[in-house]
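# A structural walkthrough
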Amino acid sequence: MKVLVINAGSSSLKYQLIDMSNEEVLAKGNCERIGVDGKIGHKTHTGYEVEYNVSFPTHKEAFMELVKVLTEGEGKVIESVKEIAAVGHRTLHGSEKYKVSTLITDEVISDIEAFSDLGPLHNPPQALAMRACREVFGDVPMVAVFDTSFHQTMPPKAYMFAIPYEYYEKYSIRRYGFHGTSHRFVSGRYTELTGKAPRLITCHLGNGSSIAAINNGKVMDTSMGLTPLDGFIMGTRCGAIDSSVVTYIAKKDNLTPDEMSDILNKKSGFLGVSGVSSDCRDLKKAAAEGNERAKLALDMLVYQIKKVIGGYAAAMGGVDAIVFTGGIGENDAEIRASILDDMDYMGVKYDAEKNKTRKETQITAEGSKVDVWVIPTNEEILIARDTVELANLK
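Residues numbered from 1 in each chain as written. Predicted model: local features only at pLDDT ≥ 70, side-chain atom pairs only at ≥ 80, totals over all residues. Heavy atoms only, no water.

## Regarding the overall build of the protein
For the protein, the count of helices and strands is 14 helices and 14 strands. By the compact-globule yardstick of 21 Å for 394 residues, the protein fits well, its C-alpha radius of gyration being 21 Å. Viewed in the frame of its principal axes, the protein has a C-alpha envelope of about 60 × 55 × 45 Å. Scored against the burial criterion, the 394 residues of the protein give a buried share of 50%. Counted over contacts in the protein with a minimum sequence separation of 6, partners at least 24 positions apart contribute 59%. For the protein, the accessible area works out to roughly 18400 Å², and carbon and sulfur atoms hold 49% of it. Averaging the locations of the 45 positively and 53 negatively charged side chains of the protein gives two centres separated by 3 Å. (Helix = DSSP H or I, 4+ residues; strand = E, 2+ residues; numbered from the N terminus. Rg over C-alpha atoms; globule rule 2.2 N^0.38 Å. Buried < 20%, exposed > 50% of the residue type's maximum accessible area, 1.4 Å probe, protein only. Contact = heavy atoms within 4.5 Å. Areas by Shrake-Rupley, 256 points an atom, 1.4 Å probe, with all protein chains shown as cover. Lys, Arg positive; Asp, Glu negative; His and termini not counted. Charge placed at Lys NZ, Arg CZ, Asp CG, Glu CD.)

## Describing the pattern of salt bridges
Under the defined criterion, the tally for this structure stands at 27 salt bridges. For Arg189, the salt bridge goes to Glu360, with nearest N and O atoms at 2.8 Å. With a gap of 171 residues between them, Arg189 in helix α6 (residues 180–194) and Glu360 in the loop between α13 (333–340) and β13 (361–362) connect regions that are remote in the sequence. Through salt bridges with shared partners, one network takes in Arg90, Asp147 and Glu379. (Salt bridge = Lys/Arg side-chain N within 4 Å of Asp/Glu carboxyl O.)

## Some details on the environment of Thr202
Looking at the secondary structure, you find Thr202 in strand β9 (residues 199–204). Along the sequence, Thr202 and Ala321 sit 119 residues apart, while their C-alpha atoms lie 8.4 Å from each other. Thr202 has contacts with His183, Val186, Ser187, Ser210, Ile211, Ala212, Ile214 and Val323, leaving out every residue within four places of it along the chain.

## Comments concerning the side chain of Glu65
Relative to the assigned elements, Glu65 resides in helix α1 (residues 59–71). It turns out Glu65 is buried and unbridged, and the closest side chain with the opposite charge, Lys68, is 4.5 Å from it. The residues contacting Glu65, other than those within four sequence positions of it, are Ile40, Tyr52, Val54 and Phe56.

So, in structure tokens, the structure goes:
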């Protein structure tokens, strides 16, 4: 039983083909520059890799090339497209309607398009990719796994904004949260490893970052809001700021809402503060060479994460475990150490030697009242598991 997992963007189509009998990734890759010219990179479980240019006028041609590379030539991993039992689509925004993963129908695709105001960069191409996928694969079952759904257990006191209530009623303006598949995977993996479902704080740290407060498997709060812009400093996103900053700059520089959105989403964060890069690794190198603005950006990251963790611990009446995941969370021991330092007041102690890991490891030190783990995320396998269940493939 094989499941194809799709993560579509406006000009890209990332994929993994997973054999669900043993959850082995048979092949993965990315169709890039859709609508521009086109390029595909493809890797198989046997170690074969290939990259070549190919025309992708639309997502449909990308799916057609994907089928070709999976079933033909040296990169072949299946005999026929008929071996693909179902397709799981990562989907950004399900608004308040989709609280769980859902079998894709015409109505679901139309809803995803209707939520485009809430996810303008992701929802339109994801709906487009679903239609293109159906054209190529026919009536193969498809499942939408929403980034927002895991956070739907938040209580109103956590998800509501203190603006006139009519805007919630008219436009569904509220906190939704994102990276839901990642937070769901690592919190579930923690329970699998320990047999516990305690007061858990999961830190998905990468170019885009978010933190979730989870109690007994249910999200109580999360740092991203109506969009992935909210929270704390990220690669190019500003995180939470005084909303008057937005109107002040817009008036001073005579900027449109779209222009302000571009500044806050694409020109802020690490890049905006440092003037160096949106990549944490570049900032660390620059800081080591004496760049004060790069150091400032890193200091802001650590400081803001500490505040979120402390706030969530207070909101839940304590914390039993902290989990790090994501590109930075899994791989940057120095950032993890800086976050965990001076948290003795919370009973947090970590083992400096164990913290050097880049794999799934408990890094708790002896005497710590709070369990600390590094758990690599695997959003694709979670999407595949949901797809198997909802497509009734078991």
